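Per-entry structural report
Each chain, written out:
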Amino acid sequence: TGPTPPKKSKTSHLSILVVDDDETTVMILSRLLSIKHNILTARSIADARIAATSAAPNSIDLLISDMGLPDGHGSTLLKMLH
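What you see is a predicted model, and the numbers here were worked out from it, not measured in a lab.

A few words now on the overall build of the chain. Counting its secondary structure elements, the chain contains three helices and five strands. Tracing the chain from N to C terminus, the helices and strands come up as β-α-β-α-β-β-β-α. Looking at the chain residue by residue over its 82 residues, the buried ones come to 22%. The long-range fraction of contacts in the chain, counting pairs at least 24 apart against all pairs at least 6 apart in sequence, stands at 57%. Taken as a whole, the chain presents about 5900 Å² of accessible surface, with 58% of it coming from carbon and sulfur.

Dropping the structure here:
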């Protein structure tokens, strides 16, 4: 068997970057997720890159992104942030 990933405690919070050009979607996801997690939001690839670089290095645990953004494709954003 392979190595076991470290388990996060039940009280740990994830840092989640939510990227969507639809304001309502961003608002709803942010409200739901912010109950237990730290949320950053962006409405475009350019804004997402700024949000990710303003966060502590390697602090984004999860990216939730729309694929069709006004300035590119969500998969492009994923490659940029990887």
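On to the sheet that holds strand β2 (residues 38-42), then. With parallel pairing, three strands are arranged side by side in an open sheet as β2-β1-β3. The sheet is open, and its two edges are formed by β2 and β3 (62-65), each paired on a single side. Across the sheet, the mean angle from the axis of one strand to that of its neighbour is 20°, orientation sign disregarded. Here four bridges tie strand β1 (residues 15-19) to β3, and the two strands are oriented parallel to one another. By the bridge assignment, V19 is partnered in β3 with S65. Strands β1 and β3 of the sheet are contacted by helix α3 (residues 74-81), whose axis makes an angle of about 160° with β3.

Thresholds, definitions, all that
Residues numbered from 1 in each chain as written. Predicted model: local features only at pLDDT ≥ 70, side-chain atom pairs only at ≥ 80, totals over all residues. Heavy atoms only, no water. Helix = DSSP H or I, 4+ residues; strand = E, 2+ residues; numbered from the N terminus. Buried < 20%, exposed > 50% of the residue type's maximum accessible area, 1.4 Å probe, protein only. Contact = heavy atoms within 4.5 Å. Areas by Shrake-Rupley, 256 points an atom, 1.4 Å probe, with all protein chains shown as cover. Pairing = 2+ DSSP bridges. Axes fitted to C-alpha atoms, helices over the stretch in contact; angles between N-to-C directions.

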